[in-house]
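Structural description and commentary
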Amino acid sequence: MTVQPADGLSPAAAFPDPSHDQWQSLVEGVLRKSGKEVSGSAAEEALSTTLEDGLTTRPLYTAHDTSPDTGFPGFAPFTRGSRAEGNAAGGWDVRQRHALSDPARLNEAVLGDLENGVTSLWLTVGGPAGVPVDALGRALEGVYLDLAPIVLDAPAGLDAAATELLRLYGERGVARGEARGTLGADPLGHEARTGIEADLTAAVRWAKVCGQEYPGLRAIAVDALPYHEAGGSAAEELGLSLATGVAYLRALTGAGLGVEAACAQLEFRYAATADQFLTIAKLRAARRLWARVAEASGAPGAGAQRQHAVTSAVMMTRRDPWVNMLRTTLATLGAGVGGADSVTVLPFDHALGLPDAFARRIARNTSTILMEESHLARVIDPAGGSWYVERLTDELAAAAWAFFQETERAGGLPAALRSGTVAERLAATWAARSAKLARRKEPVTGVSEFPMPAERPVEREPAPDPYAGAPGGLPRVRRDEAFEALRARSDAHLAATGARPKVFIAALGPAAAHTARVSFAVNLFGAGGIEAVHEPVSVDAATAAGAFTASGAGVACLCSSDALYAEQAAGVAGALKSAGAARVFLAGRPGEYADVDAYVFAGCDAVAVLTSVLDRMGVA
């Protein structure tokens, strides 16, 4: 029954129906107050945000922003979900990652996880970072293998790890039809990481074994993480995942499998980032694009992509790692809303080494909170119908498909990897993003913004690199890497001298005039591990030299209003120079002030500025 207001009118009836032109007119007024004289569509464009891949996020989306029909959940093109019930039938699979070589420690960790919300295990087996193959049984002692799906990551060799897992199923009485998980064969992903040319023979052989004998097991992981971790954009990650999947389809069908059977052997792995809307759109677009591949291959019903989302390692920081809890929460939200079947939340200390029990607990509980307390899994495709999400999904899908076709024209993924085409494309993308990070156009909280140089670092047991000693392959990047290098220099200086490099903050006039720029300067220099000395609160030409000498700093930065700069900047800068300041900065846009060497302002190249300061102060 619908309850109507007492007067019989709709609740919205008292409000006028504004037009798009009226909204643009209001935007023009706001921009005019900020000094921007633009009108019409230019006013709307002024509020738009440019993303990677040539995409643009506009400030307003309406019903006029059309996108292709998304269909229904569980039906082609699967944009709304690979299953009809989506994640509403119990939520997503909570998949915890483990890379421990000690079987006893690994066993303790996996049992604790499974007893506290984890529903599947992702294990590194073999190599320097994984449990030895012959110790896998000890590591899984007490684990009900018919209930907990096992996903393998065997960088040192698939055959031995897969053989041992299947042997354990038989030894423990697990019926072949009850075995669940993924063997993790991904020769092209291994080639991308190591540069060792891929041989698809073993992957094809295991796909046949799974298809014929273990209907609940998938043999192959189409892992897009190597491309994300090399600095690739969302469209590049999607495009290369399609190219990988198509390469595997060619190999599997060439070995005699039907398209439907070949598709059933693939699980796709994507990165989930703190940009929740882009993550949602990426997972939705991935399903739509793979459905198109299946349709073009003659099996439109086989295009229901199985997705495993992993919170991004690129976004994880080494400084102030506690913030990573917030980043992974947003990423998990995006993965869940986007319809991922399985989600792995990397612990907040992932970038520092082996996670401790607390970090693993927070990681697994992230999914539990979102499903059980935020009820994120009670709605199928909760972002579906949003004009913004639907349009972003469509535009991202188009960009990814174009890059996929480009890769196919280059001879397919194997040829593109070996020719260096993929590496060059990803390097160019990362270079552009690095410039934004350096200028803090893409802020990294706790690192490039609001750093805490004096905070005691979090220490963890080092984690062995599973790809150590590989001859080549794609690089692995992090958003914090440029600032991390600066902070490491500061740490080394502290260890050698007992003090951090210092900058003297020469604030002019009252607090009302200088506070904003003082805060800016303290944060900027702190991002390089340079301690800001702001004592006394304010100086002038007569007191600046003595205050600078007492500070023990090597450089100085003037902070105040433009009006006070005009009156006092030259005199104070001269006094600082006479006191031995190796370099005098001014917080504000470049101007003409005597004895001021450089200017720092919002959008300046912070990495270049901080590097020059450390160089000038002799910080090795």
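Heads up: the structure comes first, above all this text.
Just so it is clear, the model here is predicted, and its values are computed rather than measured.

With that out of the way, let us pick up the overall build of the protein. Helix and strand content of the protein: 21 helices and 15 strands. At 28 Å, the protein has a C-alpha radius of gyration in line with the 25 Å of a compact globule built from 620 residues. Judged by the C-alpha coordinates and their principal axes, the protein covers about 85 × 75 × 50 Å. Within the span of the protein, comprising 620 residues, buried residues form 50% of the whole.

One open sheet holds the 5 strands; their spatial order is β12-β11-β13-β14-β15, and the pairing between them is parallel. Of all the strands in the sheet, the pair left with one neighbour each is β12 (531-533) and β15 (598-600). Sheet twist, expressed as the mean angle between neighbouring strand axes with direction ignored, is 30°. By the bridge criterion, 3 bridges tie strand β11 (residues 502-507) to β12 in an arrangement that is parallel. Bridge assignment links V503 to a residue of β12, and that residue is A532. Contacts from helix α20 (residues 562-578) reach β11, β13 (555-559) and β14 (584-587), with the element oriented near 170° to β13.

A few words on the packing of helix α5 (residues 158-171) against helix α7 (residues 201-213). Any two packed helices are characterised by the angle at which their axes cross and by the distance between the axes. Remark: α5 packs on α7, axes separated minimally by 11 Å, with the N-to-C direction vectors making an angle of 15°. One way to sum up the angle between α5 and α7 is to call them roughly parallel. Like other packed secondary-structure pairs, α5 and α7 cross with a definite hand, here left-handed. Together, L158, D159, A162, T163 and L166 of α5 and A202, R205, W206 and V209 of α7 make up the contact between the two elements. Classifying every residue of the contact of α5 with α7 gives 6 nonpolar, 1 polar and 2 charged.

Further remarks concern helix α21 (residues 606-616). Owing to its 3.6 residues per turn, the α-helix aligns residues three or four sequence positions apart on the same side. Among the residues making up α21, those that are buried are A606, V607, V609, L610, V613 and L614. On an axial view of α21, the arc spanned by its buried residues comes to 165°, and they lie on one face. Among the structural elements, α16 (421-438), α17 (481-497), α18 (511-526), β13, β14 and β15 are those in contact with the buried residues of α21. Capping the start of α21 is the job of one residue whose side-chain oxygen sits 3.3 Å from the backbone nitrogen of V607: D605.

This next bit is on helix α14 (residues 387-409). Compared with the 33 Å implied by 1.5 Å per residue over 23 residues, the 33 Å span of α14 between its first and last C-alpha is a close match. G411 occupies a position one or two residues after α14 and carries a positive phi of about 105°.

Turning our eyes to something else, we now look at the pattern of salt bridges. Pairs can form between side chains of opposite charge whenever their charged atoms are close. Evaluated as defined, the whole model comprises 45 salt bridges. A salt bridge links R364 to D113; the nearest nitrogen and oxygen atoms lie 2.6 Å apart. With a gap of 251 residues between them, R364 in helix α13 (residues 357-373) and D113 in helix α3 (residues 103-114) connect regions that are remote in the sequence. The exposure class assigned to D113 is buried, which follows from its relative accessible area of 0%. The closest approach of N and O atoms between D394 and R288, which form a salt bridge, is 3.0 Å. Placement of D394 in helix α14 and of R288 in helix α11 (residues 276-296) is noted, with a sequence separation of 106 residues between them. Salt bridges sharing common partners tie together R58, D65, R391 and E395.

For the rest of this paragraph, the subject is the side chain of E191. Within the secondary structure layout, E191 lies in helix α6 (residues 187-194). The exposure class of E191 is buried, given its relative accessible area of 5%. In this structure the side chain of E191 is engaged in a polar contact, spanning 2.8 Å, whose partner is the backbone nitrogen of A198. Those residues in contact with E191 that sit more than four places away from it in its chain are I196, E197, A198, P414, L417, R418 and G473.

Regular strands place their side chains on alternate faces of the sheet. Taking burial as the measure, the 5 residues of strand β4 (residues 120-124) include 5 buried ones, the bulk of the element. Of the two faces of β4, the one lined by S120, W122 and T124 and the one lined by L121 and L123 are each fully buried. Here strand β3 (residues 93-98) runs beside β4; their pairing, made up of 4 bridges, is parallel. Counted as the bridge partner of R97 is W122 from β4. In this fold, the crossover linking β3 to β4 by way of α3 has right-handed handedness. Pairing of β4 with strand β5 (residues 150-153), which is carried by 4 bridges, proceeds in the parallel orientation. Looking at the pairing, L121 lines up with I150 of β5.

Rules used throughout
Residues numbered from 1 in each chain as written. Predicted model: local features only at pLDDT ≥ 70, side-chain atom pairs only at ≥ 80, totals over all residues. Heavy atoms only, no water. Helix = DSSP H or I, 4+ residues; strand = E, 2+ residues; numbered from the N terminus. Rg over C-alpha atoms; globule rule 2.2 N^0.38 Å. Buried < 20%, exposed > 50% of the residue type's maximum accessible area, 1.4 Å probe, protein only. Pairing = 2+ DSSP bridges. Axes fitted to C-alpha atoms, helices over the stretch in contact; angles between N-to-C directions. Contact = heavy atoms within 4.5 Å. Parallel < 35°, antiparallel > 145°, perpendicular 65-115°, else oblique. Left-handed = near helix turned anticlockwise from the far one by under 90°. Nonpolar A, V, L, I, M, F, W, Y, C, P; charged D, E, K, R; others polar. Arc of directions from axis to C-beta. Polar contact = N/O pair within 3.5 Å; in protein donor to acceptor, adjacent residues only side chain to side chain. Expected span 1.5 Å × (residues − 1). Salt bridge = Lys/Arg side-chain N within 4 Å of Asp/Glu carboxyl O. Right-handed = clockwise from strand over helix to strand, strands pointing away.

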